[in-house]
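Remarks on the overall topology
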Amino acid sequence: MFKSIKSIFVVLLSFLIILALISGCNKVEDDNVEDSFNSNLNYNYMVNSINHRGYYTAPENTLAAYRESAKKGFTMVECDVSFTKDGRAVLLHDDSIDRTSNGSGNIANITFDDVRAFDFGSWKSKEYCGEQIPSFEEFISLCRNLSLHPYIELKWKLQGDQVKSLIGTVSKYGMIDKVTWISSNLNCLRSVLENDNDARIGLVVNNVTEKNINDLINLGAGKDKIFLDCDYRHLDSEAIELCIDALIPLEVWTIDDEQKILNLDPYISGVTSNKFVAGQVLYNYALRRA
């Protein structure tokens, strides 16, 4: 069944590509075809393509990494949010700064001014020596300026008032309808909806189960505003059928292999990757098949 669906998907995709070529106003020479597509098409029309913590060659969760995301063709970027001792929202995946800086300690025990004095770039490369931990506000401002759509991951320890403050920052920069909120914590997602009942939210899961689907639906968001965000390694045909039957969109994380992106079931509507723009990978494959 799924092989036939995938075949139909490839045929339809090839047809759309041919139409796009026919409708072009100017003929493009063969040598310039790829450049023409790169400059004129949004790969995300095929699948949401999210860059995990920014582009992998730069230090994660830094402004430098997200600038690289934009340069590499991503229009969606994922970040992790933590709070300092004095209540400032910053981008950080771990509880501590040990792994990604030249400092140490739990971020909840360090003030914003103190954590900004540490180097968050040298661990990755000398090129990024002196890179600071970004504030959440700096990140949202950058996304607005670079037309990036943030996927904001809310960790388990975040409280309702902290989530509210994040939404306030997003609203301040005119990005309220241009972000996606994701979390494995249902309470965090409830807090989002309490402050923005039209928010787009994704429940992060390791496996697709009926319980996860029901938990997501019971949050009360609009059906067009919710999705499951699953570890791709745990997907099978049964899991995908569950989402199809419930009409729940399904996105996956984190794939860094082009062939695995090509092998995904066509029902999957979003792919998070450290390095590959999934939409571009699928598009280039369809172009070769056309």
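Let me begin by describing the structure that accompanies this report. (Residues numbered from 1 in each chain as written. Predicted model: local features only at pLDDT ≥ 70, side-chain atom pairs only at ≥ 80, totals over all residues. Heavy atoms only, no water.)

1. So, the pattern of salt bridges
Following the criterion strictly, the structure yields 15 salt bridges and no others. In this structure, Asp215 and Lys211 form a salt bridge, with 2.7 Å as the shortest nitrogen-oxygen distance. On the criterion of helical spacing, the pair formed by Asp215 and Lys211 is a turn pair, its members being 4 residues apart in helix H8 (residues 210-217). Several salt bridges share partner residues, and in doing so they unite Arg53, Glu60, Asp80, Asp94, Arg99, Glu153 and Lys155 into one network. (Salt bridge = Lys/Arg side-chain N within 4 Å of Asp/Glu carboxyl O. Helix = DSSP H or I, 4+ residues; strand = E, 2+ residues; numbered from the N terminus.)

2. Some details on helix H6 (residues 160-172)
Its 13 residues give H6 an end-to-end C-alpha distance of 18 Å, which sits within 8% of 18 Å, the value for a rise of 1.5 Å per residue. Turning to H6, its buried residues are Val163, Leu166, Ile167, Thr169 and Val170. Taken down its axis, H6 places every buried residue within 155 degrees of arc, on the same side. Exposed residues pointing more than 90 degrees away from the buried face of H6 are listed as Asp161, Lys164 and Lys172. Here the buried face of H6 lies against strand E2 (76-83), strand E3 (89-91), helix H5 (136-146), strand E4 (149-154), strand E5 (180-183) and helix H7 (186-195). Backbone geometry just downstream of H6 places Gly174 in the positive-phi region, at approximately 70 degrees. (Expected span 1.5 Å × (residues − 1). Buried < 20%, exposed > 50% of the residue type's maximum accessible area, 1.4 Å probe, protein only. Arc of directions from axis to C-beta. Contact = heavy atoms within 4.5 Å.)

3. Considerations on the environment of Asn48
On the secondary structure map, Asn48 appears in strand E1 (residues 48-52). Classification of Asn48 by relative accessible area gives buried; the value is 15%. In the structure, Asn48 is positioned 229 residues away from Val277 in sequence and 8.9 Å away in space, judged by C-alpha atoms. In contact with Asn48, other than residues within four places in its own chain, are Met76, Tyr151, Arg200, Glu251, Ser269, Gly270 and Val271.

4. Considerations on the environment of Cys143
Positionally, Cys143 belongs in helix H5. On the accessibility criterion, Cys143 (0% relative accessible area) is buried. Taking the C-alpha atoms as reference points, Cys143 and Met175, 32 residues apart in sequence, are found 8.9 Å from one another. Apart from the residues lying within four places of it in its own chain, the contact partners of Cys143 are Val77, Leu148, Pro150 and Met175.

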